[in-house]
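Chain by chain, the residues:
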Amino acid sequence: MSIYHCSIQIIGRSSGRSAVAAAAYRAAEKLEDKETGLTHDYTKKQGVVHREIMLPEYAPEEYKNREILWNEVQKIEKRSNAQLAREIEVALPRELSRADQMIAVRVYVQMNFVEKGMCADWVLHDKGDGNPHAHIMLTTRPIRKNGRWGDKQKSVYKLDGQGNKIAVIDPDTGKQKVRIRKGKGEEKLWERVTVPVNDWNSPGKAEEWRKAWADCLNALLPAEKQVDHRSYARQGIAQEPTIHEGYAARKREKQGRAADRCQINRDIRSRNALLQHLQTKIKEIAAELAEMMKKEGGDVEMKKIKAGQLKDVVDAMEERQMLVVTFEDEEEEDGSRTGCCADQTD
């Protein structure tokens, strides 16, 4: 199985972040932030092997300029807590050629984001340290057919349990409120609510996008290297997931200094190796017990064990004090990937 990683985060103004600065860093370029007047220069950054901006059909051609695109994003987002961009970071399997890695990213971005109206700015990083990956920055507003930014929310009528509009009641009269509109006469008022115009922030969307990335990779990977977007626990694999190390930790180790996060992963890999050894032994013993059950005159207790039921076999072994195995289930968002770069440290 190849390495799989797909993480999603929001770049927001409420946390003091800038979409222009984030884009400059990832692309290793020099960009001016019109909102703050600051110039972000990351041209000395190493490891950027490809940059690309993909636009929906109706987007202005000038948005192919990275500085213009993200300044326009910050210009349209007025709120102090606005979501400026969504970033998806994906690992690129080393089993794929560079050309196939880029094909996978292009297909993934086009099918899942650009065709939905998002502008996409993606960059491929590879420092030659065995960790090729791509950063995909996406706009949080769609582009309309007129080339302008679309809305994030819309106002709709609030409905009751039967699907009927709910009237706005005047507390003084107990009757439905009305207003007089010039040229239109009297208009009844109904309760309204604000709802998202799309499902990009819905809880299930991240799962859909993560699976889509696995599908894009599997279309290019050989059968024995196929990836799975689910955690080990969801796959039913009795294996402890490793943790995110980050570029800083790996750099520290290369300098001959110990990094706690790298040591944690070494310990996890050691435990997983032991667990795999025990699982192999259990299967061997289970096969031997099944063979014993077929023979005449076998132990009565052994005959009670159903062939192929691993848990019963382990229980029987524990009663004889031959082997004790403890399984610990740890559910993590992504337990099949290590060494993914940290934001602003790659």
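Visitor: Outline a nonpolar patch on the surface, listing residues and values.
Guide: Together, Ile103, Val107 and Met111 make up an exposed nonpolar region whose accessible area comes to about 250 Å². If you trace the backbone, methionine 111 turns up in helix α3 (residues 98-112).

Visitor: An account of the pattern of salt bridges is needed here, citing residue identities and associated values.
Guide: Going through the model one piece at a time under the given rule, you end up with 19 salt bridges. A salt bridge links lysine 225 to glutamate 95, with the shortest nitrogen-to-oxygen separation between them at 4.0 Å. Taken together, the positions of lysine 225 in the loop between α4 (203-218) and α5 (232-235) and glutamate 95 in the loop between β5 (83-91) and α3 put the pair 130 residues apart, joining distant regions of the chain. Its relative accessible area of 41% is what places glutamate 95 among the partly exposed residues. When salt bridges that share partners are traced, they join Glu29, Arg51, Arg66 and Asp121 into one network.

Visitor: Account for unusual backbone geometry, with residues named and values stated.
Guide: Positioned with a positive phi, alanine 28 is a non-glycine residue whose angle comes to about 55°. Here alanine 28 is to be found in the loop between α1 (19-27) and β2 (30-32). Relative accessible area serves as the criterion here: at 6%, alanine 28 is assigned to the buried category.

Visitor: Before we move on, can you summarise the pairing of strand β10 (residues 185-188) with the specific residues and values?
Guide: Residues in a regular strand point their side chains to alternate faces of the sheet. Judged from the 4 bridges that link them, strand β9 (residues 178-181) and β10 form a sheet pairing that is antiparallel. Among the inter-strand pairings, valine 178 is bridged to a residue of β10, identified as lysine 188. The antiparallel hairpin formed by β9 and β10 contains 3 residues in its connecting segment, where glycine 183 sits at a positive phi of about 80°.

Visitor: Talk me through the nonpolar core; I want residue IDs and the actual numbers.
Guide: With 30 residues, the main nonpolar core has Ile88, Tyr108, Ile136 and Trp213 as its most contacted residues. Breaking this core down by element, the ones donating at least two residues are β5, α3, β6 (120-125), β7 (133-139) and α4. Per element, the largest residue contribution to this core is 6 residues, and it comes from α4. The contact partners of tyrosine 108, leaving out residues within four places of it in the chain, are Cys6, Ile88, Phe113, Ile136, Trp209, Ala212, Trp213 and Cys216. Ala24, Leu69, Trp70 and Val73 belong to the second largest nonpolar core, which has 21 residues in total.

Visitor: Describe in detail the packing of α3 against α4, supporting the description with residues and values.
Guide: Contact pair α3 / α4: the axes reach a minimum separation of 9 Å and the direction vectors enclose 140°. By the angle between their directions, the pair α3 and α4 is classed as oblique. You can see that α3 and α4 cross each other, and the crossing is right-handed. When α3 is examined against α4, the residues Ala104, Val105, Val107, Tyr108 and Asn112 are found in contact with a partner set consisting of Trp209, Ala212, Trp213, Cys216 and Leu217. Residues that form the contact of α3 with α4 fall into these classes: 9 nonpolar, 1 polar and no charged.

Visitor: Residue-level account of the sheet that holds strand β1 (residues 6-12), with values.
Guide: Here we have 5 strands laid out as an open sheet, ordered β1-β5-β7-β6-β4, and antiparallel in their pairing. Strand pairing shows two members of the sheet lacking a second neighbour, β1 and β4 (48-54), which therefore form its edges. The average angle at which neighbouring strand axes cross in this sheet is 15°, direction not considered. Alignment of β4 against β6, held across 6 bridges, turns out to be antiparallel. When the sheet's bridge partners are listed, isoleucine 53 is paired in β6 with aspartate 121.

Scoring rules and cut-offs
- Residues numbered from 1 in each chain as written.
- Predicted model: local features only at pLDDT ≥ 70, side-chain atom pairs only at ≥ 80, totals over all residues.
- Heavy atoms only, no water.
- Patch = residues over 30% accessible without salt bridge, like charges linked within 9 Å, V, L, I, M, F, W, Y side chains within 5 Å.
- Areas by Shrake-Rupley, 256 points an atom, 1.4 Å probe, with all protein chains shown as cover.
- Salt bridge = Lys/Arg side-chain N within 4 Å of Asp/Glu carboxyl O.
- Helix = DSSP H or I, 4+ residues; strand = E, 2+ residues; numbered from the N terminus.
- Buried < 20%, exposed > 50% of the residue type's maximum accessible area, 1.4 Å probe, protein only.
- Pairing = 2+ DSSP bridges.
- Core = buried A, V, L, I, M, F, W, Y, C linked by side-chain atoms within 4.5 Å.
- Contact = heavy atoms within 4.5 Å.
- Axes fitted to C-alpha atoms, helices over the stretch in contact; angles between N-to-C directions.
- Parallel < 35°, antiparallel > 145°, perpendicular 65-115°, else oblique.
- Left-handed = near helix turned anticlockwise from the far one by under 90°.
- Nonpolar A, V, L, I, M, F, W, Y, C, P; charged D, E, K, R; others polar.

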